[in-house]
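Inside the fold
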Amino acid sequence: VLVSDIDGTITKSDVGGMVNTVGLGKLGFKQRAYAHTGICTFYRNIQNLTKCRILYLTARPMSLIKVTRTYISDLQQSCRKTNARVGLPPGPVITDTTDLLGSFKREVVDKTSHQFKTEMLITLKSCFASAGRDTVKLPVFLATFGNKNTDMVAYEAAGVSKYHKVKALS
């Protein structure tokens, strides 16, 4: 499994990601393609090389799941080599289960979004182990992507090997 944060990792910034993708979407406007240049091609290439599924893990609240899924599925960028339109690979989106204020407090005030992400990743990893997978010999997470230290803390706390992890994207 490839794991990616959304705001600041796929989008150009944390706050700008929320405003340009969620804010506009909630107001009924078309969401802007506010994303790092080449991120769609980058993720597609990794997925094609590894044959892994991607999981989008975000501290956004559950109430924003619809606009978040729409952003992920609708984002298209031009590939530099071919000029073809490329989108992000499809994959599940896991959000924080708290409401908007709770999520905001956890992310901005308390700076503990890594706790939620760690819990989700450990739960997912345990599902594979319960199904009989040796998660030491065959790690569940091939690569993880994030832009903040809290993302890296979550990935490491969930047992992502340093040999199967990509450092923060900037």
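Anything mentioned here points back to the structure above.
Residues numbered from 1 in each chain as written. Predicted model: local features only at pLDDT ≥ 70, side-chain atom pairs only at ≥ 80, totals over all residues. Heavy atoms only, no water.

Let us now look at the side chain of Thr150. For Thr150, the position within the fold is in helix H6 (residues 149-157). With residues up to four places along the chain from it excluded, the contact list for Thr150 reads Lys111, Ser113 and His114. (Helix = DSSP H or I, 4+ residues; strand = E, 2+ residues; numbered from the N terminus. Contact = heavy atoms within 4.5 Å.)

In total, this model carries three aromatic pairs according to the counting rule given. Ring centres of Phe42 and Tyr43 lie 5.7 Å apart, and the angle between their planes is 35°; on these two criteria the pair is classed as tilted. A relative accessible area of 1% means that Tyr43 is categorised as buried. Between Tyr43 and Phe145, the aromatic rings sit 5.1 Å apart at their centres with planes inclined by 50°, giving tilted as the arrangement. Taken together, the residues span a long stretch of sequence, with Tyr43 in helix H2 (residues 39-50) and Phe145 in strand S6 (residues 143-145) at a distance of 102 residues. Looking at Phe145, the relative accessible area reads 1%, which means it is buried. Grouping aromatic residues by their ring pairs yields a cluster made of Phe42, Tyr43 and Phe145. (Phe/Tyr/Trp six-rings, centres within 6.5 Å; stacked < 30°, edge-to-face > 60°. Buried < 20%, exposed > 50% of the residue type's maximum accessible area, 1.4 Å probe, protein only.)

It is worth spelling out the sheet that holds S6 at this point. Strand order in this open sheet of four strands is S5-S2-S1-S6, and the pairing throughout is parallel. Of all strands in the sheet, those with a lone pairing partner are strand S5 (93-96) and S6, marking the two edges. Between one strand axis and the next, the sheet turns through 20° on average, direction left out of account. Pairing between strand S1 (residues 2-4) and strand S2 (residues 54-61): three bridges, direction parallel. (Pairing = 2+ DSSP bridges. Axes fitted to C-alpha atoms, helices over the stretch in contact; angles between N-to-C directions.)

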